[in-house]
Amino acid sequence: MNESKNANSAKPAANSMWGGRYANSPSEIMERINASIDFDRRLYRQDIAGSKAHCEMLIAQGVIASDDGAAILGGLDAVLAEIESGDFEFKTALEDIHMNIEARLKELVGDAAGRLHTARSRNDQVATDIRLWVRDAIDSLDSQLKALQEALIAKAETHAGDAMPGFTHLQPAQPVTFGHHMLAYVEMYGRDRARLADCRKRVNESPLGAAALAGTSFPIDRNMTARALGFDRPLANSLDAVSARDFALEFLAAAAICASHVSRQAEELVIWCAPQFGFIRLSDSFSTGSSIMPQKRNPDAAELARAKAGRIYGALTTLLVVIKGLPLAYGKDMQEDKEPVFDATDSLSLMLAAMAGMVSDMTVAPDALRRALADGFPTATDLADWLVRVLDMPFRDAHHVTGTLVGVAEAQGVALDALSLDAMQAVEPRITQDVFSVLSIDASVASRTSEGGTAVELVRQAAAAARERFL
């Protein structure tokens, strides 16, 4: 009877983390919604680096004894080795990467581990970790963007003189070269790299030492920890240090813009692979087949790269919504910053790898590019320019005359340079035989000598300049 009474009246085990304040353990649902270890375990390298920098500073400032500090530093190295070897046991009950590492550290070095958290909070700890992680992500993505630019520049050099239609509204517009088209993306990705580099400057400030929100009464040296972790400086305000996530928003915004560029290029590869265009061919390495149609070659890598942009846009929107109504300083809502950042980084990294692979892999078909220039009267603007330059005709009048001549050529089913001089003079009597010197595709390309234009020599020069600027 007494045993039964004792069993029924026994309290649940105290919360292992908050036992001093909480007598009972959290519910299973609370544990599930509160835990982040399933995703924030990715921060383990950054968390251990931050803890080591903090520990070394505490030793230097005399806040903890050097022997305790040495035990902590050795224990952190041991924890890092366990995680990287796959021998570490992550526990949901310990919520996050910080407490998982701290608990294991205590198992390894004993009570000294409890001194590590002196003069800091999980608030400045996680803010430091995520900044370090985003900084590493920026550096990795920059390397991938550079590799993609290198692949594009190589294709531009090879095909600097291969004429193709330039499009507006996906309609033939004017002749350009394939190399010129590739260099357009080199410039886009260059701006993506610049945005990420600019974002990195604001990422690279240290929250460590801000503690929960108000700083600490311990004689810490925030500049020392900032230097040890490669930050440019400590963040100036302790409230801002733990509550700011605009660096993550800026990173996601830059990633979203970059993803839009990859998606646009992926769309062009999908179009160019179609037999109706046939501008390029992707090998088996970047194509798939059909389960029912044996003739199919599907550019699935390009299609998936195009689609993944949506995940990155979603990540940016997610974090904007999480942050928009939060009062200072920290709220547990901010735990939701990590998954969008991780997912967007993974998605963009895969997109960039796929695009660099496809650009290097693709075989360009110069004959198909040239055949496509037979449609759409792509040298019509050259005719209008000739009327202005040679006959001193106002451009709007030249535009009207050219439009009329295009209509005549269309009715006859011929290209502009196949119209007879008589047919042209029936519309504008002052036109001379010289007009035919500007109506060929090669003449059109060669004439575009303004800076940034598509003349072949300019394209070669631009490719060389891009190598110098970006690689």
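Note: the structure precedes this text.
Description of the structure in this document. Predicted, not measured: the structure shown is a model, and the values here were computed from it. (Residues numbered from 1 in each chain as written. Predicted model: local features only at pLDDT ≥ 70, side-chain atom pairs only at ≥ 80, totals over all residues. Heavy atoms only, no water.)

1. Observations regarding the environment of leucine 471
Argument step 1. Tracing the backbone shows leucine 471 in the segment after α19 (456-470).
Argument step 2. Sequence separation of leucine 471 and alanine 147 is 324 residues, and the distance between their C-alpha atoms is 8.4 Å.
Argument step 3. The contact partners of leucine 471, leaving out residues within four places of it in the chain, are Lys146, Gln149, Glu150, Ile153 and Ala466. (Helix = DSSP H or I, 4+ residues; strand = E, 2+ residues; numbered from the N terminus. Contact = heavy atoms within 4.5 Å.)

2. A look at the pairing of strand β2 (residues 171-177)
Argument step 1. The sheet contact formed by strand β1 (residues 163-168) and β2 spans six bridges and is antiparallel. Bridge assignment links methionine 164 to a residue of β2, and that residue is valine 176.
Argument step 2. In this antiparallel pair of consecutive strands, β1 and β2, the connection spans two residues, and histidine 169 shows a positive phi of 60 degrees. (Pairing = 2+ DSSP bridges.)

3. So, the nonpolar core
Argument step 1. Core analysis: the largest hydrophobic core is formed by 92 residues, its most contacted members being Val134, Phe178, Phe251, Trp272, Leu348 and Met355.
Argument step 2. Examining the composition of this core, we find that 16 residues originate from one element, helix α11 (residues 246-273), more than from any other.
Argument step 3. The residues contacting tryptophan 272, other than those within four sequence positions of it, are Met164, Phe178, His181, Met182, Phe277, Gly278, Phe279 and Ile280.
Argument step 4. Membership of the second largest hydrophobic core comes to 21 residues, among which are Phe377, Leu387, Val406 and Val438. (Core = buried A, V, L, I, M, F, W, Y, C linked by side-chain atoms within 4.5 Å. Buried < 20%, exposed > 50% of the residue type's maximum accessible area, 1.4 Å probe, protein only.)

4. Notes on the packing of aromatic side chains
Argument step 1. Within the structure shown, the criterion is met by seven aromatic pairs.
Argument step 2. Residues phenylalanine 167 and phenylalanine 277 carry aromatic rings whose centres are separated by 6.3 Å and whose planes lie at 55 degrees to one another, so their mutual orientation is tilted. Remark: phenylalanine 277 occurs in the loop between α11 and β5 (280-281) and phenylalanine 167 occurs in strand β1; sequence separation between them is 110 residues.
Argument step 3. By relative accessible area, phenylalanine 167 is classed as partly exposed at 25%.
Argument step 4. By relative accessible area, which is 26% here, phenylalanine 277 ends up partly exposed. (Phe/Tyr/Trp six-rings, centres within 6.5 Å; stacked < 30°, edge-to-face > 60°.)

5. What about the side chain of glutamine 144?
Argument step 1. Along the polypeptide, glutamine 144 turns up in helix α7 (residues 122-158).
Argument step 2. Here glutamine 144 is in contact with Ser349, Leu352 and Ala353, once residues within four sequence places are set aside.

6. With respect to a nonpolar patch on the surface
Argument step 1. Together, Leu213, Leu239 and Leu328 line one region of the surface with nonpolar side chains, adding up to about 270 Å² of accessible area.
Argument step 2. Inspection of the secondary structure puts leucine 239 in helix α10 (residues 238-243). (Patch = residues over 30% accessible without salt bridge, like charges linked within 9 Å, V, L, I, M, F, W, Y side chains within 5 Å. Areas by Shrake-Rupley, 256 points an atom, 1.4 Å probe, with all protein chains shown as cover. Salt bridge = Lys/Arg side-chain N within 4 Å of Asp/Glu carboxyl O.)

7. Regarding the environment of valine 427
Argument step 1. Along the polypeptide, valine 427 turns up in helix α17 (residues 421-427).
Argument step 2. A relative accessible area of 27% places valine 427 in the partly exposed class.
Argument step 3. Once the C-alpha coordinates of valine 427 and leucine 405 are considered, the two residues, 22 residues apart in sequence, prove to be 7.2 Å apart.

8. Observations regarding empty space enclosed by the protein
Argument step 1. Tallied over the full model, the rule gives one cavity of 30 Å³ or more.
Argument step 2. Within this model, the largest cavity holds a volume of roughly 40 Å³.
Argument step 3. Lining the largest cavity are Asp47, Ser51, Leu76, His98, Ile101, Glu102, Leu116, Arg120 and Gln125.
Argument step 4. Broken down by element, the residue count for the lining of the largest cavity peaks at three residues, all from helix α6 (residues 97-109).
Argument step 5. Residue composition of the lining of the largest cavity, grouped by class: three nonpolar, three polar and three charged. (1 Å grid on protein atoms, 1.4 Å probe; cavity = no way out; pocket = protein on both sides within 12 Å on 5 of 7 lines; lining within 4 Å. Points joined across faces, edges and corners; volume = space filled by probe spheres on them. Nonpolar A, V, L, I, M, F, W, Y, C, P; charged D, E, K, R; others polar.)

9. What about the packing of α7 against α19?
Argument step 1. Packing of α7 against α19 brings their axes to within 10 Å, and their N-to-C directions diverge by 165 degrees. Our classification of the angle between α7 and α19 gives roughly antiparallel. The handedness of the crossing between α7 and α19 is left-handed. Contact residues: α7 offers Lys146, Gln149, Glu150, Ile153, Ala154 and Glu157, while α19 offers Ala463, Ala466, Arg467 and Phe470.
Argument step 2. Looking at the contact of α7 with α19, its residues break down into five nonpolar, one polar and four charged. (Axes fitted to C-alpha atoms, helices over the stretch in contact; angles between N-to-C directions. Parallel < 35°, antiparallel > 145°, perpendicular 65-115°, else oblique. Left-handed = near helix turned anticlockwise from the far one by under 90°.)

10. Some details on the pattern of salt bridges
Argument step 1. Scanning the entire structure with this criterion turns up 29 salt bridges.
Argument step 2. Where aspartate 38 meets arginine 41, a salt bridge forms, and the shortest distance between an N and an O atom there is 4.0 Å.
Argument step 3. Classification of aspartate 38 by relative accessible area gives exposed; the value is 61%.
Argument step 4. Arginine 115 is paired through a salt bridge with aspartate 68; the nearest N and O atoms lie 2.9 Å apart. Taken together, the residues arginine 115 in the loop between α6 and α7 and aspartate 68 in helix α5 (residues 66-85) connect sequence positions 47 residues apart.
Argument step 5. Residue arginine 115 is classed as partly exposed on the basis of its relative accessible area of 44%.
Argument step 6. Counted as one network, the salt bridges with shared partners bring together Glu95, Asp96, Arg122 and Lys332.

11. Some words on the packing of helix α4 (residues 44-60) against α5
Describing two packed helices takes the angle between their axes plus the distance from one axis to the other.
Argument step 1. Packing of α4 against α5 brings their axes to within 9 Å, and their N-to-C directions diverge by 170 degrees. For the element pair α4 / α5, the angle class is roughly antiparallel. Between α4 and α5, the residues in contact are Tyr44, Arg45, Ile48, Ser51, Lys52, Cys55, Glu56 and Ile59 and Ser66, Gly69, Ala70, Ile72, Leu73, Leu76, Asp77, Val79, Leu80, Ile83 and Glu84, respectively.
Argument step 2. Here the residues of the contact of α4 with α5 are counted per class, giving eleven nonpolar, three polar and five charged.

12. So, unusual backbone geometry
Argument step 1. That bond from leucine 328 to alanine 329 is cis: its omega, 10 degrees, falls within 30 degrees of zero.
Argument step 2. Secondary-structure assignment places alanine 329 in the loop between α12 (300-323) and α13 (338-361).
Argument step 3. For leucine 170, which is not glycine, the phi torsion reads 60 degrees and is therefore positive.
Argument step 4. Tracing the chain through its elements places leucine 170 in the loop between β1 and β2.

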